[in-house]
Amino acid sequence: MGIRILEESDYFQRFTLRLESRDLKSLARFDWVEYVEAAPPAPKTSDNSVSAQLIGADVLQSDVFGLRGSGVALGIVDGGSLTAHVDFGDRVVNVDRTAPASAHATHVAGTMAASGESNPALRGMAPLARIYSWAFNGDVARKMLDGVNTYQTVTSQNSWGEGYGDFNGGCSLYGTYGTRERDLDRLVREQRLNIFFSAANERDTFECGIQPRGGTYTIPRPGTAKNIVTVGAVDRDKKIADFSSYGPVRDERVKPDIVALGVDVRSTNRTNGSLVASGTSMSTPAVSGTAALLVERFRQRNENQNPPAALIKSALLNTAEDLGNPGPDYAYGYGLLKAIEAVRVIDERWYVVDRVSESERNKTHTIPVADGAKALRVMLAYSDADANLSAASPVTNHLELVVTAPDGQRRVFPLRPNPRRPFARAEAREGARDTVKQVVVDQPAAGNWTAEIRGELQ
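Computed from a predicted model, the values in this text were never measured in an experiment.

### A few points about the overall build of the chain
Counting its secondary structure elements, the chain contains 9 helices and 20 strands. By the compact-globule yardstick of 23 Å for 458 residues, the chain fits well, its C-alpha radius of gyration being 24 Å. Projected onto its principal axes, the C-alpha positions of the chain cover 90 × 55 × 50 Å. Within the chain, buried positions represent 54% of all 458 residues. Across the chain, the fraction of contacts at a sequence separation of at least 24, relative to all contacts at a separation of at least 6, is 75%. Surface exposure of the chain reaches about 21100 Å², of which carbon and sulfur atoms provide 47%.

If you want it as structure tokens, here you go:
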């Protein structure tokens, strides 16, 4: 028949053929043909450029915005040192000089800040940023503080977490909060350090009773800290990855906070090469690298000052593309990072930086809404004070958000998922202790809406 045989296997009694579609029926009529099916498509990987396209960071790098991380110092804490790579040039400093070379760290750093010189598809989110690298052994919080004081790092990228299992113990630690998390939260609050942690890849394991509970409560420490940003993973179709850990954390806060591409991501590897890998390790640097671009933009608009970490966090979360259940949920958090919208928060000054105190516990802010607006999103995000570790919740200062319509009658409360029904959709309610709260109003009336923040301070 003139059909080309591409592969054959005596053991499996199978041929792989290339033929014209018109010959398919003739082939199928032979008695020795049991079954005909289409050959599988070529395996598909998603390199850093696809990750950038999915969240819009490639547009921020273009001449339209011109944001590439210039002058921004990024920290990374991982399993070892970054290896030399043409896509890093001289922009990498391995501070822990005796740490062994790590392919994992090199891959993660490439998503953050590879230049794409070896291959444009490997370009990271902030290709001109400098990278300072530490190993995750020892006192991590002190290393982060050293990064701020010595190298002026403004972000800390962490694609790691504590490992638990039936064999090595620790199953009861999922979702908990302790001294290590408190140290990280203090760095966020006092040093304006934007700290990012992967949500982990625990949901598809059979240990610690994870499968019977549907993969919920699987965020390990220290990704449970309250002031940091914890990142889950999706595939290129925006579906949650099979492995990506679900929240909530033990005290019922929403985690993860946000998601990005973490399935089959090609990034930098040793000897100027590349490697395909999957995990929340791969999604987190897409977010931390994009945060560097937001810092760069804030500096341009504010006399080279660094932004409060809570502003960067809220800009990322409040503009995310809502996925999964409407509103925040324990799989996608607040949704998929949308970099262009996040930068618009800074460009359009769609934010207010304020504080409450013992003497002034309530604050109100007016939000003008134009006629025909499709939706109104208002987010309160704050870097909370040190936790009382013996308290039921690590959230020390409980702030409430309520948004009132122009008529003064309609009051809208933040959307909150129910930790006792973790797969149910979020509902508007008061009382949840969290450092992030979001009010969503569809088809809002035109006029001046009022956001009120009420503080219950410790």
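After that view of the structure, there is still more to cover.
### Digging into the nonpolar core
Grouped together as the largest cluster of nonpolar side chains are 68 residues, with contacts concentrated most on Ile-55, Leu-74, Ile-258, Val-287, Leu-294 and Leu-316. Excluding its chain neighbours within four sequence positions, the residues that come into contact with Val-287 are Phe-196, Val-231, Ile-258, Ala-260, Leu-316 and Leu-337.

### Focus: the packing of aromatic side chains
For the coordinates displayed, the defined rule picks out 7 aromatic pairs. Relative to Phe-197, the ring of Trp-160 lies with its centre 5.1 Å away and its plane at 65°, an arrangement referred to as edge-to-face. Taken together, the residues span a long stretch of sequence, with Trp-160 in the loop between strand 7 (153–158) and helix 6 (179–191) and Phe-197 in strand 8 (residues 194–198) at a distance of 37 residues. Judged by its relative accessible area of 16%, Trp-160 falls in the buried class. Relative to Tyr-174, the ring of Tyr-164 has its centre 4.8 Å away and its plane inclined at 90°; by these criteria the two rings are edge-to-face. One end of the pair, Tyr-164, is in the loop between strand 7 and helix 6; the other, Tyr-174, is in the loop between strand 7 and helix 6, and 10 residues separate them in sequence. By way of ring pairs, the aromatic residues Tyr-132, Trp-134 and Tyr-151 are connected into one cluster.

### Description of the pairing of strand 11 (residues 265–269)
Across the 5 residues that make up strand 11, a large majority, 4, are buried. In this sheet, strand 11 lies alongside strand 3 (residues 46–47) in parallel orientation, the contact comprising 2 bridges. Each residue of the ladder has a partner; that of Ser-46, found in strand 11, is Val-265. Here strand 11 folds back onto strand 12 (residues 273–277), and the loop between the two strands holds 3 residues, one of which, Thr-271, carries a positive phi near 50°.

### Describing the sheet that holds strand 10 (residues 258–261)
Taken in spatial order, the 7 strands make up an open sheet running 5-6-4-7-8-9-10, and their pairing is parallel. Whereas interior strands pair on both sides, the edge strands pair on one side only; in this sheet they are strand 5 (92–94) and strand 10. Within the sheet, the average angular offset between the axes of one strand and its neighbour, ignoring direction, is 25°. When strand 9 (residues 229–234) meets strand 10, the two strands line up parallel, connected through 4 bridges. Looking at the pairing, Gly-232 lines up with Val-259 of strand 10. Of the strands in this sheet, strand 4 (73–78), strand 6 (130–135) and strand 7 touch helix 4 (residues 103–113), which is tilted by about 155° from strand 4.

### A look at the pattern of salt bridges
Under the definition given, this model contains 22 salt bridges. Asp-257 is the partner of Lys-255 in a salt bridge, and the nearest nitrogen-oxygen pair spans 2.9 Å. For the pair formed by Lys-255 and Asp-257, the shared burial category is buried. Here the salt bridges share partners, and the residues they tie into one network are Arg-186, Arg-189, Glu-190 and Asp-386.

### Concerning the state of the cysteines
One way to say it: the disulfide is the covalent bond shared by the sulfur atoms of two cysteines. Inspection of the entire model under this criterion finds 1 disulfide. Across the disulfide from Cys-171 sits Cys-208; the S-S distance is 2.0 Å. On the S-S bond that ties Cys-171 to Cys-208, the torsion sits near -60°, and the link is left-handed. In this pair, Cys-171 sits in the loop between strand 7 and helix 6 while Cys-208 sits in the loop between strand 8 and strand 9, placing the two residues 37 residues apart along the sequence.

### A few points about unusual backbone geometry
With omega at 0°, the peptide bond leading from Arg-221 into Pro-222 counts as cis. Within the secondary structure, Pro-222 is located in the loop between strand 8 and strand 9. Geometrically, the link from Lys-255 to Pro-256 is a cis peptide bond, its omega value of -5° lying close to zero. For Gln-443, which is not a glycine, the phi torsion comes out positive at approximately 50°. You can see Gln-443 is positioned in the loop between strand 19 (436–442) and strand 20 (447–456).

### Quick notes on the packing of helix 4 against helix 7 (residues 280–301)
Closest axis-to-axis distance for the helix 4/helix 7 pair is 7 Å, and the angle between their directions is 35°. Every pair of crossing elements has a handedness; the one defined by helix 4 and helix 7 is right-handed. Counting all contacts with helix 4, which are made through His-104, His-107, Val-108, Thr-111 and Met-112, the residues of helix 7 involved are Ser-281, Met-282, Pro-285, Ala-286, Ser-288 and Gly-289. Split by residue class, the contact of helix 4 with helix 7 holds 5 nonpolar, 6 polar and no charged.

### Some words on the packing of helix 7 against helix 8 (residues 309–318)
In the contact formed by helix 7 and helix 8, the axes pass within 11 Å of each other and the chain directions differ by 115°. When you trace helix 7 past helix 8, the crossing you get is right-handed. Counted together, Val-287, Ala-291, Leu-294, Val-295 and Phe-298 of helix 7 and Leu-311, Ile-312, Ala-315 and Leu-316 of helix 8 form the full contact between these two elements.

Calculation notes
- Residues numbered from 1 in each chain as written.
- Predicted model: local features only at pLDDT ≥ 70, side-chain atom pairs only at ≥ 80, totals over all residues.
- Heavy atoms only, no water.
- Helix = DSSP H or I, 4+ residues; strand = E, 2+ residues; numbered from the N terminus.
- Rg over C-alpha atoms; globule rule 2.2 N^0.38 Å.
- Buried < 20%, exposed > 50% of the residue type's maximum accessible area, 1.4 Å probe, protein only.
- Contact = heavy atoms within 4.5 Å.
- Areas by Shrake-Rupley, 256 points an atom, 1.4 Å probe, with all protein chains shown as cover.
- Core = buried A, V, L, I, M, F, W, Y, C linked by side-chain atoms within 4.5 Å.
- Phe/Tyr/Trp six-rings, centres within 6.5 Å; stacked < 30°, edge-to-face > 60°.
- Pairing = 2+ DSSP bridges.
- Axes fitted to C-alpha atoms, helices over the stretch in contact; angles between N-to-C directions.
- Salt bridge = Lys/Arg side-chain N within 4 Å of Asp/Glu carboxyl O.
- Disulfide = S-S within 2.5 Å.
- Left-handed = near helix turned anticlockwise from the far one by under 90°.
- Nonpolar A, V, L, I, M, F, W, Y, C, P; charged D, E, K, R; others polar.

Take it as geometry only, folks, not as evidence of what the structure does.
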